[in-house]
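# Breakdown of the fold
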Amino acid sequence: MQGLFITLEGSEGAGKSTNLAFIHDYLEQAGHTVVQTREPGGTALSEHIRALLLGHEYDGMASDTELLLMFAARAEHLAAKIKPALAQGKTVLCDRFTDATYAYQGYGRGIALDRIATLEDWVQGSLRPDLTLFLDLPVELGMKRAGERSAPDRFEKQQLDFFDQVRHGYLERAGQQPQRYRVIDSSVSLEQVQAQISTVLSDFLQSR
Ligand code: TMP
């Protein structure tokens, strides 16, 4: 039986890493064999592409280059890791996926959404996540939290209005697909965030 494909998205500073570990544990305790991975990245080649995308060596990269590199990394990731794991019945837990492309390259950079949809169909065929959790946080609060961490990467260096657009993109698309795409209010305490996540996961697993 085909495994489950679960993705986690989050605003900058929304606690993605901590909650990824929480979701991983939750799924394992529910009896799933979990393959945790991330985008851009997840395979040796895709991690090389990630370094090009996030590093500062090519700061002025054209938006279309950025978009195509995201999908190049994704094509490799799907072929070498995600699809084989799903075919073996494993649960794939991915830190960001194509919803990030719509939010960052689409709403953030201003690339037409139908271009992204074309690439999505090409690279993924009919494969879409079964469940996506979006850790949502007001942009200023997220940037304050993220700013307390390490040196910013090429995306983290963007201005406030870029992140406003990104957040708007996530929320708009979540509103269009409420069954798959669940919004978690991450402005509250970690315990309250994880209580929301547990409810979503429990409902989702019961519905399968
Ligand atoms: P992260 O691992 O800290 O989330 O960093 C990945 C960065 O890459 C994050 O700023 C979002 C960005 N990104 C895109 O712009 N488009 C994409 O399709 C993906 C997967 C990530």
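One structure accompanies this document, and this report is about it. (Residues numbered from 1 in each chain as written. Predicted model: local features only at pLDDT ≥ 70, side-chain atom pairs only at ≥ 80, totals over all residues. Heavy atoms only, no water.)

All right, on to the pattern of salt bridges then. Tallying each qualifying case throughout the model produces 13 salt bridges. Linking E66 and R154 is a salt bridge whose minimum nitrogen-to-oxygen distance equals 2.9 Å. Residue E66 is found in helix 3 (residues 63-87), and its partner R154 is found in the loop between helix 6 (139-147) and helix 7 (160-176); the two are separated by 88 residues along the sequence. Side by side, E66 and R154 carry an identical accessibility label, which is buried. (Salt bridge = Lys/Arg side-chain N within 4 Å of Asp/Glu carboxyl O. Helix = DSSP H or I, 4+ residues; strand = E, 2+ residues; numbered from the N terminus. Buried < 20%, exposed > 50% of the residue type's maximum accessible area, 1.4 Å probe, protein only.)

Before going further, it helps to examine the environment of E57. By secondary structure assignment, the location of E57 is in the loop between helix 2 (44-54) and helix 3. Relative accessible area serves as the criterion here: at 64%, E57 is assigned to the exposed category.

Next up on the list: unusual backbone geometry. The omega angle of the peptide bond from E39 to P40 is -15 degrees, so this bond is cis rather than trans. Note on placement: P40 falls in the loop between strand 2 (34-38) and helix 2. Backbone geometry at R96 places phi at a positive 75 degrees, although glycine is not the residue there.

Turning to the packing of helix 2 against helix 3, a few remarks are in order. Axis separation between helix 2 and helix 3 bottoms out at 8 Å; the angle between their running directions is 160 degrees. Viewed along their axes, helix 2 and helix 3 adopt a mutual orientation that is roughly antiparallel. For the element pair helix 2 and helix 3, the recorded crossing hand is left-handed. Residue-level inspection shows L45, S46, I49 and L53 of helix 2 in contact with helix 3, the latter providing E66, L69, M70, A72, A73, E76 and H77. Here the contact of helix 2 with helix 3 is built from residues that sort into seven nonpolar, two polar and two charged. (Axes fitted to C-alpha atoms, helices over the stretch in contact; angles between N-to-C directions. Parallel < 35°, antiparallel > 145°, perpendicular 65-115°, else oblique. Left-handed = near helix turned anticlockwise from the far one by under 90°. Contact = heavy atoms within 4.5 Å. Nonpolar A, V, L, I, M, F, W, Y, C, P; charged D, E, K, R; others polar.)

Here the focus is helix 8 (residues 190-207). With 18 residues, helix 8 extends 26 Å from end C-alpha to end C-alpha; this agrees with the ideal 26 Å at 1.5 Å per step. Summarising the contacts, the buried residues of helix 8 are in contact with strand 1 (5-10), helix 1 (16-29), strand 4 (131-136) and strand 5 (181-185). (Expected span 1.5 Å × (residues − 1).)

Near the ligand, the surroundings consist of 15 residues, among which K16, R50, R96, T101 and Q105 are the closest. Residue E12 places a side-chain N or O atom 3.4 Å away from an oxygen atom belonging to the ligand. When the ligand sits alone it has 480 Å² of accessible area, and the protein chains cover 93% of it. One can see that the ligand is located within the largest pocket. (Near = heavy atom within 4 Å. Polar contact = N/O pair within 3.5 Å; in protein donor to acceptor, adjacent residues only side chain to side chain. Areas by Shrake-Rupley, 256 points an atom, 1.4 Å probe, with all protein chains shown as cover. 1 Å grid on protein atoms, 1.4 Å probe; cavity = no way out; pocket = protein on both sides within 12 Å on 5 of 7 lines; lining within 4 Å. Sits in = over half its atoms within 2 Å of the grid points.)

Right, let's talk about the nonpolar core for a bit. Ranked by size, the top nonpolar core spans 19 residues in total, and within it I6, I23, L131, L133, I184 and I197 carry the most contacts. When residues of this core are traced back to their parent elements, those giving at least two are strand 1, helix 1, strand 4 and helix 8. Per element, the largest residue contribution to this core is five residues, and it comes from helix 8. Sequence-distant contacts of L131, defined by excluding residues within four places in its chain, comprise F5, I6, T7, R180, R182, V200, L201 and F204. Counting residues in hydrophobic clusters, the runner-up holds 18 residues, among them L54, A103, F134 and V139. (Core = buried A, V, L, I, M, F, W, Y, C linked by side-chain atoms within 4.5 Å.)

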